[in-house]
Amino acid sequence: MNRLNLNKDKYIAREATPSLAVSLLSITTCILLLSSFFFPLNIHAQKKEIAQIQEFLKKRTSPENAQELADKLLTDSTYRKNPRIWQLLGESLFMQYDAANEKLYLRQQYDTAKFFSLTKRLFSVYETLDSLSLTDIKHNKTIEKTVERKVDNLHRLRQNLFNGGIYHIYKHQYNEAYQYFDTYIECSAQHLFKKYNYSHSDTLLPRAAYWAVYCGYKTQNPRQALHHSYMALKDTANTTSMLQYLAETYKLDNDTTRYIQTLVEGFQRSPSFPYFFPRLFQYYSQREQWEECQEITTMAIQADPSNPLFAFAQSNIYLNTGAYDQCIAISDSLIQANDTIARTYLNAGLSYYYKAVINEKKLKKTAQDKRTIIEYYRKARPYLETYRLREPERSDKWAMPLYIIYLNLNMGEDFDEIDRLLKIKQHAQEQHLK
């Protein structure tokens, strides 16, 4: 009985298999029929649109329409590797470029931005077409001939990529400008232009790289600013400015190590350049690295002895290392020279103030010591009051020293006024903490 059932099952299975095969065959046939139905239509549509593009170009009156139709075809991934469409797109762009160039030559009205845009698009199209020649074995020779006919033309108008970048810089359109300089530079690595050997023959490459770094800096785009930085360093006429842009880029990118390295390099190249020294000094002083501060200050003074900023920096070093008499001497010389740095008065005032505080810490003070202390406070007072007038919002710097000075000089009204100010400030801080 079991055997009979088993045989029956086999019989049913044998009967079912042909039916399933028929079903699968039907589905496959449908797919093939559908494919044969749609693909010829696609090919037919493509040929029709290509013929339309050729007609536009033949008339030479509608290159914009030819470009529009070619761009539309290339949005479809099916057509994106068709070299014939890229070739026709290139021809339509060249036709527009020639017309625009003629108008500009004749000083007729034309959209300058569009003219440069056509230039950049031409390079993009023919670089793409050239890359297809390396992968499309079937159409390789045809594509190569097309590219060879145009590469010399592209070489002649390449300068307009650089000019387009400068044009957009003047318009403060830094992101657009970067695209032009980037395209100009990248030509040196393109297979399309290998016979020109731009990386060795084009002396303008470092300048283009400098402007590319500048554009990346202006748009606060670290990737753009750093992309061509190595080549930009070869532009010796702008090395100092370029290092400034790089330093700011590293700072923006939170790369402190490279930020400081770039500041050091820039300072060593141009000690008197106003960008590098203040930032290096601030970095070292915040970490109380006074030896490093002294080293760069000495170099700066040697490079420009008359620069008051460097003398002021030296007074800061003296103040923070306890050389108060030297700090006072430099500060007085700066003040006599009508220095406008408000903190010069603070440095001198604090130097006298600290001299008084140090003497006050003596366990045993003679009458002469007490007179000396009062004299130091008296000398500190006008400097600190002047600083207060110049920087009233910096009470964190002048309030406490003046409080102590007024207390020791028995200046009741002035002491009370500072006392009230400190209490208000303390109350505000307490409320903020709450």
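Going by the structure above, here's the rest.
The shown structure was predicted, so the numbers you read here are calculated from the model rather than taken from an experiment.

A.B. asks: Is there a simple way to explain the environment of M95 in this structure?
C.D. replies: Tracing the sequence through the fold places M95 in helix α3 (residues 83-105). Residue M95 is classed as buried on the basis of its relative accessible area, which comes to 13%. Taking the C-alpha atoms as reference, M95 lies 9.0 Å from E64; in sequence the two are 31 residues apart. If we ignore the near neighbours within four places in the chain, the residues touching M95 are L57, R60 and P63.

A.B. asks: What exactly am I supposed to notice about unusual backbone geometry here?
C.D. replies: Peptide bonds are trans in most cases, and residues, glycine excluded, mostly fall at negative phi. The backbone of N254 shows a phi angle near 60 degrees, a positive value even though the residue is not glycine. With respect to the helices and strands, N254 occurs in the loop between α12 (239-252) and α13 (256-269). The class of N254 is exposed, set by a relative accessible area of 67%. A positive phi angle is found at N410, which is not glycine, with a value near 55 degrees. Assignment of secondary structure puts N410 in the loop between α20 (395-408) and α21 (412-433). N410 sits in the exposed class, given a relative accessible area of 69%.

A.B. asks: I keep staring at the side chain of S133 and nothing clicks. Help me out?
C.D. replies: With respect to the element layout, S133 can be found in helix α4 (residues 112-135). We classify S133 as buried; its relative accessible area is 2%. From its side chain, S133 meets the backbone oxygen of D130 in a polar contact 2.5 Å long. The contact partners of S133, leaving out residues within four places of it in the chain, are N140, I143 and E144.

A.B. asks: What should I look at first to understand the packing of α4 against helix α5 (residues 140-157) in this one?
C.D. replies: Relative placement of two packed helices is described by the angle separating their axes and the distance separating the axes. Two numbers describe how α4 lies on α5: the axes approach to 9 Å, and their chain directions differ by 150 degrees. The angle between α4 and α5 places the two elements in the roughly antiparallel class. In terms of crossing hand, the pair formed by α4 and α5 is left-handed. Counted together, T119, L122, F123, Y126, L129, D130, L132, S133 and L134 of α4 and N140, I143, E144, T146, V147, K150, L154 and L157 of α5 form the full contact between these two elements. Its residues placed into classes, the contact of α4 with α5 shows ten nonpolar, four polar and three charged.

A.B. asks: How do you make sense of helix α6 (residues 159-170) when you look at a structure like this?
C.D. replies: Two residues of an α-helix separated by three or four positions point the same way, owing to the 3.6 residues in each turn. Between its first and last C-alpha, α6 extends 17 Å over twelve residues, near the 16 Å set by a 1.5 Å rise per residue. Taken residue by residue, α6 has N160, L161, F162, G164, G165, H168 and I169 as its buried positions. Looking at the buried residues of α6, the elements they touch are α3, α4, α5, α7 (174-186) and α9 (205-218). Among the residues trailing α6, H172 stands out with phi positive, at a value near 60 degrees.

Each value, and the rule that gives it
- Residues numbered from 1 in each chain as written.
- Predicted model: local features only at pLDDT ≥ 70, side-chain atom pairs only at ≥ 80, totals over all residues.
- Heavy atoms only, no water.
- Helix = DSSP H or I, 4+ residues; strand = E, 2+ residues; numbered from the N terminus.
- Buried < 20%, exposed > 50% of the residue type's maximum accessible area, 1.4 Å probe, protein only.
- Contact = heavy atoms within 4.5 Å.
- Polar contact = N/O pair within 3.5 Å; in protein donor to acceptor, adjacent residues only side chain to side chain.
- Axes fitted to C-alpha atoms, helices over the stretch in contact; angles between N-to-C directions.
- Parallel < 35°, antiparallel > 145°, perpendicular 65-115°, else oblique.
- Left-handed = near helix turned anticlockwise from the far one by under 90°.
- Nonpolar A, V, L, I, M, F, W, Y, C, P; charged D, E, K, R; others polar.
- Expected span 1.5 Å × (residues − 1).

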